[in-house]
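Now for the letters of each chain:
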Amino acid sequence: MNSVLTAQIYDWDLVGSDDLIGETKIDLENRYYSRHRATCGLAKTYELQGYNAWRDPMKPTQILAKLCKDGKVDGPHYGGGKVKIDNRMFTAPTEVDDDLGNRKTTDEHLALTVLHHWHEIPKVGCRLVTEHVETRPLYHPEKPGIEQGKLEMWVDMFPMDMPPPGPPVEVSPRKPKSYELRCIIWNTDEVVMEDDDFFTGEKMSDIYVKGWLKGPEDVQSTDIHYRSLTGEGNFNWRFIYPFDYLVAEEKIVISRKETLFSWDETETKIPARLDMQVWDADHFSADDFLGSLTLDLNHFPRGAKSAKLCTLDMLKTDGSVPHMSLFKHKRVKGWWPFTAKSENSDEHELTGKVEAELHLLALDEAEKHPAGLGRSEPDPLEKPNRPDTSFIWFLNPLKSFRYLLCTRYKWLVIKLLIVLLLAAILVLFFYAMPGYTVKKIFAA
């Protein structure tokens, strides 16, 4: 009888025969007769129920008794929460939870402790194979020596004359949980100003913020705060990002077809990171990048309570800054810094600050309490209270002219009006003075 187990990996094709990618071969006879007991790996703990229930048809006490008998070792001798093997004493817990959740006394933990230390037994001792997942290389028969990938697996062998093992271990892929991330951009502050004002020559920026969670396909942007003269921007704008998340791996799962003609979807796993960038909008050229911020939803710094407390020190990774997980706290609001690489060095410099609110909801909860994108229904946000200077000059010529007169040249206009008024008074005085003088003379 052939005792070699062959595991093959194929590439499924809709039309034609499937293609062999690679295979791996395992000598079962070698494992069965190995002194390291490679038939079924030893678990770390002995459990009667749950996902880690004991799978070997032989209990640890039976395995230990057989090893001692085959190796002619004195023992095992149980008593007082200890077990004696060939003049060596081992200790371990002596209680286990049964199927009903009740605690009962057992020697299985003691026997399992000895099995994990069997290599310490003189003469007959050796390391026993523990429960593990093998990573085996794949090779193609027509391409010997060239690895075609790796296969993660494990092999258990159970004798037919023993009681049947427990139910098979569930190894189907974990199903991701659906979430919805709502990110509200409230304000920005101290954003660097890249442009010069068309009328006054003052430094200014047309600020807007954009963000994404999965990549370029779900980029969302706020509206534009025009003509910010102080680096302050007011938005009250909501981003909404639905996504599927694997809690155990802390990864976002993206399923999509690679091409239009693909039969199945390709699954990609990426870190759960929210990327935000602040930009300066230009009408006749490309927009200018000002700064960026990346927040790992599993581990990111707490937001500052005010813009003054928001500094680059918040981005330190030496453990001095408290961090949090949005999957635990669900909701957070605060200020975070935007950064960009300095032109003169590789160091990052502060290029702005953003006040944002992050709210994480499960899909069913998000459906019960819906919210709209931007400032739309449902649950709309109020329009921001922006200053009068926030406008587009070429779309509002009258407003631009009024701003130019009332803001930039206000005092000059006032002085000019005063001078004109005084000049008018003097002209009228000298014009009316001769006639008034004649009337006075003849009247006299």
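To be clear, the structure that these remarks concern was listed above.
Structural notes, computed from the coordinates. These figures come from a predicted structure and were not determined experimentally. (Residues numbered from 1 in each chain as written. Predicted model: local features only at pLDDT ≥ 70, side-chain atom pairs only at ≥ 80, totals over all residues. Heavy atoms only, no water.)

1. Overview of the side chain of Thr222
Now for step 1: Among the structural elements, Thr222 can be located in the loop between β13 (220-221) and β14 (225-228).
Now for step 2: By relative accessible area, which is 7% here, Thr222 ends up buried.
Now for step 3: For Thr222, the residues in contact, after removing those within four places along its chain, are Ile185, Tyr208, Val209, Phe235, Trp237 and Phe239. (Helix = DSSP H or I, 4+ residues; strand = E, 2+ residues; numbered from the N terminus. Buried < 20%, exposed > 50% of the residue type's maximum accessible area, 1.4 Å probe, protein only. Contact = heavy atoms within 4.5 Å.)

2. A few points about the packing of aromatic side chains
Now for step 1: One pass over the full model with this rule turns up 10 aromatic pairs.
Now for step 2: For the ring pair Phe239 and Tyr241, a centre distance of 6.1 Å and an interplane angle of 65° mean the geometry is edge-to-face.
Now for step 3: Residue Phe239 is classed as buried on the basis of its relative accessible area, which comes to 0%.
Now for step 4: Overall, Tyr241 belongs to the buried group, its relative accessible area being 1%.
Now for step 5: Joined through ring pairs, the aromatic side chains of Tyr179, Phe243, Tyr245 and Phe327 make up one cluster. (Phe/Tyr/Trp six-rings, centres within 6.5 Å; stacked < 30°, edge-to-face > 60°.)

3. Some points on unusual backbone geometry
Now for step 1: Following Gly75, the chain continues into Pro76 via a peptide bond in cis, with omega recorded as 0°.
Now for step 2: One can find Pro76 in the loop between α2 (60-70) and β3 (77-79).
Now for step 3: The phi torsion at Lys123 lies on the positive side, around 70°, for a residue other than glycine.
Now for step 4: Within the fold, Lys123 resides in the loop between α3 (108-116) and β8 (134-140).
Now for step 5: If you check the backbone angles, Asn236 has positive phi at about 50° while not being a glycine.

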